[in-house]
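Commentary on secondary and tertiary structure
Letter by letter, the chains look like this.
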Amino acid sequence: MSTLPTIAIIGAGSMGVAILSGLLAPSVTVEGGIRVTNRTEAKAAALRSDTVASYALENDPGANITAVTGARIVIIGVKPAMVSDLLREIGPALAEDAIVVSVAAGVTISTMEALVAQVVLRAMPNTPALVGRGVTGVSPGSRATPEDVALALTVFDTVGQVLEIPESKIDALSTISGSGPAYVFYLIEQLTKTAVALGFTWQEAATMVNGTFLGAAELLEASGEEPAELRRRVTSPKGTTERAIWELEKADLSAVFDRATAAALARAKELAAG
Ligand SMILES: NC(=O)c1ccc[n+]([C@@H]2O[C@H](COP(=O)([O-])OP(=O)(O)OC[C@H]3O[C@@H](n4cnc5c(N)ncnc54)[C@H](OP(=O)(O)O)[C@@H]3O)[C@@H](O)[C@H]2O)c1
């Protein structure tokens, strides 16, 4: 059971809605309620309920101000390029004890601390948060107390696992768990193509490949074993899997992942530099 104070999500798009879904779980109580905003009424209407006050800027240009007024936790879920303007807009309306938690990639704590007087934290969730299986890195800003950090961790705890890390590591975390779901989907796509090339229908291939990824991940979790040990158990000496793994080893996937994450990290730096 978690109890949280009043929360506003400014920019409740894909990621904001994922966080909202965690806050709406029966095990979570948000005292003082949840407010969310979007630009369009179509989006706002879809999120409105007895427990969620959902506002659209196209109906009320002051909706962000309304939403943050009196909120203790303010989650910033707009695109990175919009964060600075948004903070300038809502800054004067933020409660003195508000904590601002931005999920925007690449927007630094120092940029945000220069725009608002309140506590600021950065968080980097990933899309499995939509099904309560996210992994979120949370980095406290210079003004955050341990209580502020605990509140932010509790928010993201509602959508999966949370790691507290220094901001200097948040881009690196993003290249692993932030982008990671895309790597997994890419591997699934490639293995599915291979299954089709072996003569299976797309449907059969999807059943085999999706089921194998899901099953292997669940086995990993349920067994508590290391992945290398679980792999060893599928790999009989001199057997067929051993041959397949040997081919994968030759491709040096480890080096490929090093290059892929380095490319993502370089791009994060470019984006942060504007
Ligand atoms: N998606 C991910 O996997 C992921 C992972 C980690 C972090 N993030 C971060 O999460 C943030 C949002 O990404 P997203 O994928 O969720 O984007 P998104 O689906 O486009 O969500 C952004 C939302 O902000 C709303 N919005 C735009 N301007 C606004 C304003 N001035 N006031 C209030 N609401 C406004 C948009 O509403 P309308 O559509 O009605 O215009 C939209 O619903 C980004 O900063 C991104 O870096 C995303």
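Everything that follows concerns the structure shown earlier in this document.
Residues numbered from 1 in each chain as written. Predicted model: local features only at pLDDT ≥ 70, side-chain atom pairs only at ≥ 80, totals over all residues. Heavy atoms only, no water.

**Focus on the site of the ligand**
Within the structure, the ligand sits among 24 residues, and Met15, Asn38, Arg39, Thr40 and Val78 are positioned closest to it. A distance of 3.5 Å separates an oxygen atom of the ligand from a polar backbone atom of Pro80. Using a 2 Å cut-off from the grid points, one finds that the ligand occupies the second largest pocket. Sorting the residues of the shell around the ligand by element identifies helix H1 (14-23) and strand S4 (34-38) as the ones contributing at least two each. For the shell around the ligand, a count of residues per class yields twelve nonpolar, nine polar and three charged. (Near = heavy atom within 4 Å. Polar contact = N/O pair within 3.5 Å; in protein donor to acceptor, adjacent residues only side chain to side chain. 1 Å grid on protein atoms, 1.4 Å probe; cavity = no way out; pocket = protein on both sides within 12 Å on 5 of 7 lines; lining within 4 Å. Sits in = over half its atoms within 2 Å of the grid points. Helix = DSSP H or I, 4+ residues; strand = E, 2+ residues; numbered from the N terminus. Nonpolar A, V, L, I, M, F, W, Y, C, P; charged D, E, K, R; others polar.)

**A look at the side chain of Ser177**
In this fold, Ser177 is placed in helix H7 (residues 170-178). Beyond its immediate sequence surroundings of up to four residues, Ser177 is in contact with Asn126 and Val135. (Contact = heavy atoms within 4.5 Å.)

**Here's the deal with the sheet that holds strand S7 (residues 99-102)**
The sheet built from eight strands is open, its strands ordered S5-S4-S2-S6-S7-S8-S9-S10 with mixed pairing. Either end of the sheet is taken by a strand with one partner, and the two such strands are strand S5 (52-56) and strand S10 (160-164). Averaged over neighbouring strand pairs, the angle between their axes works out to 20 degrees when direction is ignored. Pairing analysis gives four bridges linking strand S2 (residues 7-10) to S4, with the strands arranged parallel. By the bridge assignment for S4, Ile10 is matched with Thr37. Contacting S2, S4, S5 and strand S6 (73-76), H1 runs over the sheet at an angle of about 160 degrees to S2. Of the strands in this sheet, strand S8 (119-124), strand S9 (134-140) and S10 are in contact with H7, which crosses S8 at around 30 degrees. (Pairing = 2+ DSSP bridges. Axes fitted to C-alpha atoms, helices over the stretch in contact; angles between N-to-C directions.)

**Describing H1**
Within H1, seven of the ten residues are buried, which leaves it mostly tucked inside the rest of the structure. Residues of H1 that are buried include every one of Met15, Gly16, Ala18, Ile19, Leu20, Gly22 and Leu23, and no others. (Buried < 20%, exposed > 50% of the residue type's maximum accessible area, 1.4 Å probe, protein only.)

**Observations regarding the pattern of salt bridges**
Considering all chains together, one arrives at twelve salt bridges under this definition. One salt bridge in this structure joins Glu229 and Arg233, with 2.8 Å as the shortest N-O distance. Here Glu229 pairs with Arg233, and both are found in helix H10 (residues 227-234), just four residues apart, close to one helical turn. Owing to a relative accessible area of 48%, Arg233 belongs among the partly exposed residues under this scheme. Residues joined in a network through salt bridges with shared partners are Glu225, Glu229, Arg232 and Arg233. (Salt bridge = Lys/Arg side-chain N within 4 Å of Asp/Glu carboxyl O.)

**As for the environment of Leu115**
Within the secondary structure layout, Leu115 lies in the loop between helix H5 (109-113) and S8. On the basis of relative accessibility, which here comes to 25%, the residue Leu115 falls in the partly exposed class. Each C-alpha atom of the pair Leu115 and Gly215 lies 47 Å from the other, and the pair is 100 residues apart in sequence. Non-local contacts of Leu115, meaning those with residues more than four positions away in its chain, are made with Ser84, Leu87 and Arg88.

**Let's talk about the packing of aromatic side chains**
Summed over all chains, the structure comprises one aromatic pair. Taking 6.0 Å as the distance between ring centres and 45 degrees as the angle between the ring planes, the aromatic pair formed by Tyr183 and Phe257 counts as tilted. Note that Tyr183 is positioned in helix H8 (residues 180-197) and Phe257 in helix H12 (residues 253-272), a separation of 74 residues in sequence. Classification of Phe257 by relative accessible area gives partly exposed; the value is 35%. (Phe/Tyr/Trp six-rings, centres within 6.5 Å; stacked < 30°, edge-to-face > 60°.)

**Some words on the side chain of Asn38**
As for its position among the elements, Asn38 is in strand S4. Polar contacts involving the side chain of Asn38 include one to the main-chain carbonyl oxygen of Ala12, which spans 3.2 Å. If near-sequence neighbours (up to four positions away) are discounted, Asn38 is found in contact with Gly11, Ala12, Gly13, Lys43, Ala44, Leu47, Tyr55, Ala56 and Leu57.

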